[in-house]
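Now for the letters of each chain:
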Amino acid sequence: MTLFDLTGKVALVTGSTKGIGEAIVHRFAEHGAKVVVSSRKEDICQKVASEINEKWGKGEEVALPVPCNISHKEELEKLVATTNDKWGRIDTLVCNAAVNPYFGPSKDIPDSAFNKIMEVNVRSNFWLSNMVLPQMVERKDGTVIIVSSIGGFRGSPILGAYGISKAADFQLARNIAVEYGPDNVRANAIAPGLIKTDFARALWEDENILKRTTANAPLRRIGLPDEIAGTAVYLASAAGAFMTGQAIVVDGGVTIAGG
Ligand code: NAP
């Protein structure tokens, strides 16, 4: 394994105790990286980190649990500082955690929900990237991966503000790519389709929505968290060395299918 090897790399993944983030930290560790497992709940961070150490550590500590609510700047600063203290560097930053507190027509969304979506899904990713990018510039190496969504490519009657935030995440990746490319720092977004996680439970548990989503999907099904992790490994490894500023759609073909 060389092209996808992550040996010697340190990866920080927000929201990595469940769903897509958890799949990413597992696959990163499997490919040789040291990982930071993070979410708002300390005990769950510890549980997932222990599972990774046991499964992939070969007797060494390869997963560090660091609780962090990405809404708070000082918690993000602590997350970065704790990672640097422990592992000495961050080679790959995965901005994965996001929220969606509102389903419904855009005109009815409370200001508080709109603000929350923009703050967590966009501003926190912006803050965190800015905290990590300087050390990548210093080493002339690093990669930022933002887990966005196909919702950022399409209009929606019920997920309007969420889609706006995810479109902004594509732009964040493009801006980082342009600003930091000359220092050999890459940034890309992943745009998953519907994935079977707690986050999207309201969508895939609703039989009508599930039927609508999968009826014209070429693969006729929704995705699993682990089916997103490979794209993150690709982007973090030598295999993705010439890929920057892109949004990679991983959606079972939903967005290319005709009605
Ligand atoms: P998930 O299974 O619900 O996992 C979300 C993770 O983020 C958990 O570890 C959660 O832990 C953490 N988290 C939530 N709010 C946080 C906060 N404020 N600060 C820190 N951590 C926080 O969700 P998922 O489906 O894997 O979603 C991951 C990413 O994929 C999101 O960016 C989402 O927009 C995107 N996405 C998902 C789908 C889908 O269909 N599932 C489709 C397209 C894109 P705690 O709650 O314990 O903090």
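Preceding block: the structure.
Quick summary incoming for the structure in this document.

Cut-offs used in this document
- Residues numbered from 1 in each chain as written.
- Predicted model: local features only at pLDDT ≥ 70, side-chain atom pairs only at ≥ 80, totals over all residues.
- Heavy atoms only, no water.
- Salt bridge = Lys/Arg side-chain N within 4 Å of Asp/Glu carboxyl O.
- Buried < 20%, exposed > 50% of the residue type's maximum accessible area, 1.4 Å probe, protein only.
- Phe/Tyr/Trp six-rings, centres within 6.5 Å; stacked < 30°, edge-to-face > 60°.
- Helix = DSSP H or I, 4+ residues; strand = E, 2+ residues; numbered from the N terminus.
- Axes fitted to C-alpha atoms, helices over the stretch in contact; angles between N-to-C directions.
- Parallel < 35°, antiparallel > 145°, perpendicular 65-115°, else oblique.
- Left-handed = near helix turned anticlockwise from the far one by under 90°.
- Contact = heavy atoms within 4.5 Å.
- Pairing = 2+ DSSP bridges.
- Right-handed = clockwise from strand over helix to strand, strands pointing away.
- Polar contact = N/O pair within 3.5 Å; in protein donor to acceptor, adjacent residues only side chain to side chain.
- 1 Å grid on protein atoms, 1.4 Å probe; cavity = no way out; pocket = protein on both sides within 12 Å on 5 of 7 lines; lining within 4 Å.
- Points joined across faces, edges and corners; volume = space filled by probe spheres on them.
- Nonpolar A, V, L, I, M, F, W, Y, C, P; charged D, E, K, R; others polar.

1. Side note on the pattern of salt bridges
(1) Moving on: Scanning the model with the defined rule gives 13 salt bridges in all.
(2) Moving on: Measuring nitrogen to oxygen at the nearest pair gives 2.8 Å for the salt bridge that ties E205 to R201.
(3) Moving on: Here R201 falls in the partly exposed class, since its relative accessible area comes to 33%.
(4) Moving on: Linked through salt bridges whose partners overlap, the residues forming this network are K18, D198, R201 and E205.

2. So, the packing of aromatic side chains
(1) Moving on: Taken as a whole, this structure holds 2 aromatic pairs when the rule is applied.
(2) Moving on: Relative to F170, the ring of F153 has its centre 4.3 Å away and its plane inclined at 20°; by these criteria the two rings are stacked. Taken together, the positions of F153 in the loop between β5 (142-147) and α5 (160-180) and F170 in helix α5 put the pair 17 residues apart, joining distant regions of the chain.
(3) Moving on: What makes F170 buried here is its relative accessible area of 2%.

3. Focus on the packing of helix α1 (residues 19-30) against helix α2 (residues 42-56)
(1) Moving on: Contact geometry of α1 with α2 gives a least axis separation of 10 Å together with a crossing angle of 30°. When the axes of α1 and α2 are compared, the pair comes out roughly parallel. Both α1 and α2 take part in a crossing whose hand is right-handed. Note on element contacts: α2 touches α1 through V48, E51, I52, K55 and W56, opposite E22, V25, H26, A29 and E30.

4. Brief notes about the pairing of strand β2 (residues 34-37)
(1) Moving on: As paired strands, strand β1 (residues 10-13) and β2 are joined by 4 bridges and run parallel to one another. Looking at β2, one finds that V10 is bridged to K34.
(2) Moving on: The handedness of the β1 to β2 crossover, carried by α1, is right-handed.
(3) Moving on: Where β2 lies against strand β3 (residues 63-65), 3 bridges are found, and the strand directions are parallel. Counted as the bridge partner of V37 is P65 from β3.
(4) Moving on: Taken together, β2, α2 and β3 form a β-α-β motif whose crossover is right-handed.

5. Considering the side chain of S149
(1) Moving on: Inspection of the secondary structure puts S149 in the loop between β5 and α5.
(2) Moving on: A polar side-chain atom of S149 sits 2.8 Å from the main-chain amide nitrogen of G151.
(3) Moving on: Those residues within four positions of S149 in sequence are excluded, and the remaining contacts are Y162, K166, F170, I190, A191 and P192.

6. So, the layout of surface pockets
(1) Moving on: The computed volume of the second largest pocket comes to approximately 300 Å³.
(2) Moving on: Around the second largest pocket sit 17 residues that line it, and A29, G32, A33, W56 and V62 are the ones nearest its centre.
(3) Moving on: When contributions to the lining of the second largest pocket are tallied by element, the ones reaching two or more residues are α1 and α2.
(4) Moving on: Its residues assigned to classes, the lining of the second largest pocket comprises 6 nonpolar, 4 polar and 7 charged.

7. Side note on the environment of W204
(1) Moving on: Looking at the element boundaries, W204 is found in helix α6 (residues 201-204).
(2) Moving on: With 10 residues separating them in the primary sequence, W204 and L194 have C-alpha atoms 7.8 Å apart.
(3) Moving on: W204 has contacts with L194, I195, K196, T197, L210 and I222, leaving out every residue within four places of it along the chain.
(4) Moving on: A distance of 2.9 Å separates a polar atom in the side chain of W204 from the backbone oxygen of T197.

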